[in-house]
Amino acid sequence: MTCIQTAKDVLYEAKWISLKQISYTDPKGVDRKWESVERTTRRGDIDGVDIIAIVRHKDPSMDKIVTVVQYRPPSASRVMEFPAGLSDEGEDPVKSATRELHEETGYIVEKVVHISPPVLLEPGLSNASTALVHLEIDADRVENQKPVAQLDEGEFIEVVLLPLADLLSALTQYRYDHPDVIIDSRLYSFAYGLSYHKR
């Protein structure tokens, strides 16, 4: 069953986002409308990257996942999430991910494990898309001993390392200890998937 988009009109446009009204015909031939939010900064088929960064140790039980906590104005709360960011002009997902990870956390990437195809973030609201990039970090590398983030003015990001082996429990405990922090759905889904796989 196919819907056909017939028009897309700009209702409002700001620096970073625009509000659009989409006209489309549903499978029964009925004309319908839908409001959508789009980023104004997209340069390719994705808006940016979400980074699954694992700090690898000689003892695998010590492996950690890199998360960040920062204030998100739309939710009026601090949010724990994967490191992430928008892609710059001409960047592929790997370049975007290694740059953003270093800027937000200071870590130097050792290995690229996986790059997802473009995936949608909230398709009922927006066409915003991302690539999930799985990276590995060598815990023994000198630069990764005491990494220093390269934050832009106005960025206030806390880096939190959580145990990969029991990530879901670690997230639950962090939320209990920090009730003002909300867990991003992508991070929680990743943790639940790891936990479910062990059942």
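This text gives an overview of the structure that appears in the document. (Residues numbered from 1 in each chain as written. Predicted model: local features only at pLDDT ≥ 70, side-chain atom pairs only at ≥ 80, totals over all residues. Heavy atoms only, no water.)

## Focus on helix α2 (residues 167-177)
Point 1. Those residues of α2 that fall on the buried side of the exposure criterion are Leu167, Leu168, Ala170, Leu171 and Tyr174. The buried residues of α2 occupy an angular sector of 160° when projected down its axis, which confines them to one face.
Point 2. Contacts from the buried residues of α2 go to β5 (64-72), β6 (77-81), β11 (158-163), β12 (181-183) and α3 (185-197). (Buried < 20%, exposed > 50% of the residue type's maximum accessible area, 1.4 Å probe, protein only. Helix = DSSP H or I, 4+ residues; strand = E, 2+ residues; numbered from the N terminus. Arc of directions from axis to C-beta. Contact = heavy atoms within 4.5 Å.)

## What to know about the environment of Val113
Point 1. Tracing the backbone through its elements, the reader meets Val113 in strand β8 (residues 111-115).
Point 2. Accessibility expressed as a relative area gives 37% for Val113, which makes it partly exposed.
Point 3. On a C-alpha basis, the gap between Val113 and Glu35 in space is 37 Å, while along the polypeptide they are 78 residues apart.

## Observations concerning the pattern of salt bridges
Point 1. Counted under the stated rule, the structure contains 19 salt bridges.
Point 2. Here Glu38 ties to Lys20 by a salt bridge, and the two come within 3.1 Å at their closest N and O atoms. Of this pair, Glu38 sits in strand β3 (residues 31-39) while Lys20 sits in strand β2 (residues 17-25); the two residues are 18 residues apart in sequence, bridging distant segments of the chain. Grouping residues by exposure puts Glu38 and Lys20 together as buried.
Point 3. With a shortest N-O distance of 3.4 Å, Arg141 and Glu110 are connected by a salt bridge. One end of the pair, Arg141, is in the loop between β10 (129-138) and β11; the other, Glu110, is in the loop between α1 (93-105) and β8, with 31 residues separating them in the sequence.
Point 4. Arg141 gets classed as partly exposed once you look at its relative accessible area, which sits at 27%. (Salt bridge = Lys/Arg side-chain N within 4 Å of Asp/Glu carboxyl O.)

## Focus on the environment of Ser96
Point 1. If you trace the backbone, Ser96 turns up in helix α1.
Point 2. In this structure, Ser96 is in contact with Val49, Ser87, Asp88 and Glu91, ignoring residues within four places of it in sequence.
Point 3. A polar contact is formed between the side chain of Ser96 and the side chain of Ser87, at a distance of 3.0 Å. (Polar contact = N/O pair within 3.5 Å; in protein donor to acceptor, adjacent residues only side chain to side chain.)

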